[in-house]
Amino acid sequence: MIRSATLSDLPRMIELGEAMHRESRFSHMIYSPEKVEAMLLRIMERGFLRVVERDGEIIGGFAGVLEEHWFSYAKIATDIALFVLPDRRGGMAAAALVNAFVAWAIEKRADLIDIGVNTGVRTYETARLFERLGGRSAGLLYTWEISKCA
């Protein structure tokens, strides 16, 4: 079941964020639960914050925002984070979250919807999922890891 996140979901979402962080290419950076909580509260107020539940447990979530593009007044809906627990992947959770975000963005009259694949986790499988859901590739991401970051 997909539903809007509530204040009582924040501790679990922060845990899921930490699990996502540990698994991702960002794991060399320090994870700040306080910063994550503040961001989730901002998104809860004016963005897209949903969780997916199975058997009463939150197993994943999606955070996204709608902002004007830097060079235009056009509105771009973009993801901040999409995560499903590793042992719960392969089902319909991620697809349901993406579809809910796309529907929300359309309802908010977004001019463009962007969802990135940049954690370094199951990149090609995630890309295939997005393509099956109607997305198309719009580029590549290159990174230079400098050092352990605070």
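Residues numbered from 1 in each chain as written. Predicted model: local features only at pLDDT ≥ 70, side-chain atom pairs only at ≥ 80, totals over all residues. Heavy atoms only, no water.

(A) Representation of the overall build of the chain within the structure. Each helix and strand counted, the chain has four helices and five strands in total. For the chain, the succession of helices and strands along the chain, N to C, is β-α-α-β-β-β-α-β-α. Oriented by its inertia axes, the alpha-carbon framework of the chain measures out at about 40 × 35 × 30 Å. Partitioning the contacts of the chain with sequence separation of at least 6, the portion at a separation of at least 24 is 62%. Surface accessibility of the chain: about 9,700 Å² in total, with carbon and sulfur atoms responsible for 55%. Side-chain charges of the chain comprise 19 positive and 20 negative groups, with the mean position of each set lying 3 Å from the other. (Helix = DSSP H or I, 4+ residues; strand = E, 2+ residues; numbered from the N terminus. Contact = heavy atoms within 4.5 Å. Areas by Shrake-Rupley, 256 points an atom, 1.4 Å probe, with all protein chains shown as cover. Lys, Arg positive; Asp, Glu negative; His and termini not counted. Charge placed at Lys NZ, Arg CZ, Asp CG, Glu CD.)

(B) Expanded view of the pattern of salt bridges. Under the defined criterion, the tally for this structure stands at seven salt bridges. We note a salt bridge from Glu15 to Arg12, for which the minimum N-O separation is 3.0 Å. Of this pair, Glu15 and Arg12 both sit in helix H1 (residues 10-23), separated by three residues, roughly a single helical turn. We classify Arg12 as partly exposed; its relative accessible area is 23%. Arg12 is the partner of Glu57 in a salt bridge, and the nearest nitrogen-oxygen pair spans 3.1 Å. Placement of the pair is Glu57 in strand E3 (residues 57-68) and Arg12 in helix H1, with a sequence separation of 45 residues. Through salt bridges that share partners, Arg12, Glu15, Glu57 and Arg88 make up one connected network. (Salt bridge = Lys/Arg side-chain N within 4 Å of Asp/Glu carboxyl O. Buried < 20%, exposed > 50% of the residue type's maximum accessible area, 1.4 Å probe, protein only.)

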